[in-house]
Structure formats: structure tokens, C-alpha cells
Amino acid sequence: MEKEFNAKESLQLIEAMIEKAKFRPSKAYGYITMMWGYLVMLCALGHWVLERSFKLEYAPAVWLLMIIGFVATFIMAGRARKQKRVRSYIDEMVRQVWVAFSIAFLVLFFAIGGQSDTFLPTVLLLYGVSMWAQGALIRFKPYQMGAAVFWIAAAAAFILEPGLQLLIMAIAVVLGY
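In this text, all values refer to a predicted model and were calculated from it rather than measured experimentally. Within any chain, residue numbers begin from 1 and follow the written order of that chain's sequence. The predicted origin of the model limits local features to residues at a pLDDT of at least 70 and limits the giving and counting of side-chain atom pairs to 80 or more, whereas totals for whole chains, interfaces and linings rest on all residues. Based on all heavy atoms of the structure, the side-chain values leave hydrogens and waters out of the count.

Caption draft 1: Molecular detail of a nonpolar patch on the surface. A surface patch of nonpolar side chains, amounting to about 680 Å² of accessible area, comprises Leu 125, Val 129, Trp 132, Trp 151, Phe 158, Ile 159 and Leu 160. The helix count covers DSSP runs of H or I at least four residues long, the strand count covers runs of E at least two residues long, and both are numbered beginning at the N terminus. At the level of elements, helix H5 (119–138) and helix H6 (141–159) are the ones that each hand at least two residues to the nonpolar patch. Among the structural elements, Leu 160 can be located in the loop between H6 and helix H7 (165–176). Patch rule: a residue counts if its relative accessible area is over 30% and it has no salt bridge; like charges are joined within 9 Å, and nonpolar side chains (Val, Leu, Ile, Met, Phe, Trp, Tyr) within 5 Å. Here the open area of atoms and residues is found with the Shrake-Rupley method and a 1.4 Å probe, where only the protein chains shown may cover a residue. Whenever Lys or Arg places a side-chain nitrogen within 4 Å of a carboxyl oxygen from Asp or Glu, that contact is recorded as a salt bridge.

Caption draft 2: Fine view of the nonpolar core. Remark: nonpolar core denotes a set of buried residues (Ala, Val, Leu, Ile, Met, Phe, Trp, Tyr, Cys) joined through side-chain atoms within 4.5 Å. For every residue, the accessible area (1.4 Å probe, protein chains only) is compared with the maximum for its type, and the residue is labelled buried under 20%, exposed over 50%, or partly exposed between those bounds. The biggest cluster of nonpolar side chains holds 32 residues, and the ones touching the most others in it are Val 40, Leu 124, Tyr 127, Phe 150 and Met 169. Looking at this core, the elements with two or more residues in it are helix H2 (27–52), helix H3 (66–83), helix H4 (89–112), H5, H6 and H7.

Caption draft 3: Molecular detail of the layout of surface pockets. Of the volumes computed, that of the second largest pocket is approximately 200 Å³. Every residue lining the second largest pocket is listed: Gly 30, Thr 33, Met 34, Gly 37, Tyr 38, Met 41, Tyr 143, Val 173, Val 174 and Tyr 177. Those elements that provide at least two residues to the lining of the second largest pocket are H2 and H7. Sort the elements by how many residues they give to the lining of the second largest pocket and H2 lands first, with six residues. Gly counts as polar in this scheme, as do all residues outside two lists: the nonpolar Ala, Val, Leu, Ile, Met, Phe, Trp, Tyr, Cys and Pro, and the charged Asp, Glu, Lys and Arg. Residues belonging to the lining of the second largest pocket are distributed by class as follows: seven nonpolar, three polar and no charged. Only protein atoms enter the calculation, which uses a 1 Å grid: trapped sets of points that fit a 1.4 Å probe without letting it out are cavities, open sets showing protein on both sides within 12 Å along at least five of seven lines are pockets, and any residue with an atom within 4 Å of a point is a lining residue. Grid points are joined across faces, edges and corners, and a volume is the space filled by probe spheres set on the points.

Caption draft 4: Spotlight on H3. Between its terminal C-alpha atoms H3 stretches 26 Å, which fits the 26 Å expected from 18 residues at 1.5 Å a residue. Among the residues of H3, those classed as buried are Met 66, Gly 69, Ala 72, Thr 73, Ala 77, Gly 78 and Ala 80. By definition here, a helix of n residues has an expected span of 1.5 Å times n minus one.

Caption draft 5: Just the pattern of salt bridges, in detail. Tallied over the full model, the rule gives two salt bridges. For Arg 52, the salt bridge goes to Glu 161, with nearest N and O atoms at 3.2 Å. Pair noted here: Arg 52 is in helix H2 and Glu 161 is in the loop between H6 and H7, with a separation of 109 residues, a long-range link. On the basis of relative accessible area, Arg 52 is assigned to the partly exposed category, the value being 34%. The class for Glu 161 is partly exposed, based on a relative accessible area of 47%.

Caption draft 6: Here's a closer look at the side chain of His 47. You can see His 47 is positioned in helix H2. Here a residue-residue contact requires only that any non-hydrogen atoms of the pair lie within 4.5 Å. Setting aside chain neighbours within four positions, we find His 47 in contact with Ala 59, Pro 60, Val 62, Trp 63, Gln 115 and Leu 166.

Caption draft 7: Structural context of H5. With 20 residues, H5 extends 29 Å between its outermost C-alpha atoms, agreeing within 8% with the 28 Å of an ideal straight helix rising 1.5 Å per residue. Turning to H5, its buried residues are Phe 119, Leu 120, Pro 121, Val 123, Leu 124, Tyr 127, Gly 128, Ser 130, Met 131, Gln 134, Gly 135 and Ile 138. Those residues of H5 hidden inside the fold are in contact with H2, H4, H6 and H7. Two residues or fewer past H5, Arg 139 is found with a positive phi of approximately 55°.

As far as function goes, none of this settles anything; it's purely spatial.
Written out as C-alpha cells, the structure reads:
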């Protein structure tokens, strides 16, 4: 048996549904995006400098800093979810875009290895797709413009010498985020 709603309850239900459909990112999500941008840029530049200037064999180890990023993301996202009253469909879709990016990245990393000449250009392509999807979902054109930056950087990274790929990635992150 269905419950009969009075006028006030009907309006509350409609209001709740409208709230759930809206996308209002919290500041925490902006901080997460900025943190990842800075972290990728620092790792790419660190790797490039250590490899080019100091000829260190273990320069790629700088990417282990990404573990800190994953831990910080889980902490910051958990806090943001607790503060946010309503979790919208768009919130979930944006989260799923970045989950898909992470899975694709890991498959790529383990399939072709981080030292392959095609690894970083392909990661830049994935960044572009993810940024485009997020920008479309939240109707934020700067993310879509950032996606174009990542795609242009990917094309350049495929063409130019592999030694410049890390530098291209760092520049793309600065310009694309």
C-alpha cells in the first residue's frame, strides 16, 4: 500500500530530488584535483631532473610519492563525503571516471611497463579523456580545455624523443589543470 503524501511532504520530496540532481563540488574535491596536479608535476620534473642531470638509475623511484597521493585522496574524499549532505548522480559519475582512469593506468603500467616509450603519451591520452568526461559531466569548460592540452601533449610526446616525455607531462599538467 502506497503512502499518501500531503502537499508539504510532496514539496519536500521534490526538493530532495532536485538537490540530489545538482552538482556542487566541495572544496575538498578541488583540493584533491590540485594535489594530484602538483604531485604529478613534481614527480615528472623530479624524475626528469634526476635522470637527465644526475644520471640516476633509480630516478623512476620518485613516482612512489604517488602512494602518498592515493592515501591523501582516500582521507580527503572520506571527509568530504561526511560533510556533504547529498551525494548526487554527477558526484558518483565523476568518481567513476577517475576510478576508470586509475584502473586503465594500472593495466597499462603492468602491461607495457613505465619505461616504455609509449607509456607516458598513453597516460596523457587517458588524462585527456578523463578531464573531458569530468568537464562534460559537471559542465565546466576549463576541464575540457585542459583535456585538449593533454591530447596535444600526448601527440607531442609520441613524436618527440622519449627523453622529453617527462618534461612534456609536467608542462601539460601545469597548463591542463
